[in-house]
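# An overview of the molecular structure
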Amino acid sequence: IVLKVRLDDAPIVKELIGTVSDKYKKMTKSEVKLSIDGSVFLDESCAGGVVLYSQEGRIFLDNSFEARLAIAYEQNMPVIRTMLFQNVV
């Protein structure tokens, strides 16, 4: 699995790769090889997080702060809509 992170976060993530791999192995009973993509980083305007890619790049998981915020926004849209427009006929 290849990780794409902000350049500023790369040293912290690099430090944690061994711990995360060990925890994954303990939970799943299978090995995982994690590496940081050293050629492409998340934009500096990104608030943080990580984007994971399979080795072939066909599968990816965007776990950046902005992606998580977008999911929360979409999930809460019905509640917000009801709060704003509950009295509109």
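Before any of the text, the structure's been laid out above.
Residues numbered from 1 in each chain as written. Predicted model: local features only at pLDDT ≥ 70, side-chain atom pairs only at ≥ 80, totals over all residues. Heavy atoms only, no water.

### A few points about the environment of Lys-29
- Tracing the backbone through its elements, the reader meets Lys-29 in the loop between α1 (10-28) and β2 (35-36).
- For Lys-29, a relative accessible area of 72% puts it in the exposed group.
- For the pair Lys-29 and Arg-6, spaced 23 residues apart in the sequence, the C-alpha separation amounts to 30 Å.
- Side-chain polar atoms of Lys-29 contact the backbone oxygen of Lys-26, separated by 3.3 Å. (Helix = DSSP H or I, 4+ residues; strand = E, 2+ residues; numbered from the N terminus. Buried < 20%, exposed > 50% of the residue type's maximum accessible area, 1.4 Å probe, protein only. Polar contact = N/O pair within 3.5 Å; in protein donor to acceptor, adjacent residues only side chain to side chain.)

### Some words on the pattern of salt bridges
- Applying the stated criterion to the full structure yields 3 salt bridges.
- Asp-9 is the salt-bridge partner of Arg-6, the closest N and O atoms lying 3.0 Å from each other. For the pair formed by Arg-6 and Asp-9, the shared burial category is buried.
- Of the charged contacts, one joins Glu-31 and Lys-25 as a salt bridge, the two residues approaching to 2.7 Å between their closest N and O atoms.
- Of the residues examined, Glu-31 reaches a relative accessible area of 60% and is grouped as exposed.
- Taking relative accessible area as the criterion, Lys-25 reaches 41% and is therefore assigned partly exposed. (Salt bridge = Lys/Arg side-chain N within 4 Å of Asp/Glu carboxyl O.)

### Some details on a nonpolar patch on the surface
- Together, Ile-80, Leu-84, Phe-85 and Val-88 make up a nonpolar patch on the protein surface, roughly 410 Å² of accessible area in all.
- Within the fold, Val-88 resides in the segment after α2 (65-85).
- In this structure Val-88 comes out as exposed when scored by relative accessible area, which is 57%. (Patch = residues over 30% accessible without salt bridge, like charges linked within 9 Å, V, L, I, M, F, W, Y side chains within 5 Å. Areas by Shrake-Rupley, 256 points an atom, 1.4 Å probe, with all protein chains shown as cover.)

### Brief notes about the layout of surface pockets
- Within this model, the largest pocket holds a volume of roughly 260 Å³.
- Taken together, 13 residues form the lining of the largest pocket, with Leu-3, Val-20, Leu-34, Val-50 and Leu-52 sitting closest to its centre.
- By residue number, the principal contributor to the lining of the largest pocket is α1, which donates 7 residues.
- Looking at the lining of the largest pocket, its residues break down into 12 nonpolar, 1 polar and no charged. (1 Å grid on protein atoms, 1.4 Å probe; cavity = no way out; pocket = protein on both sides within 12 Å on 5 of 7 lines; lining within 4 Å. Points joined across faces, edges and corners; volume = space filled by probe spheres on them. Nonpolar A, V, L, I, M, F, W, Y, C, P; charged D, E, K, R; others polar.)

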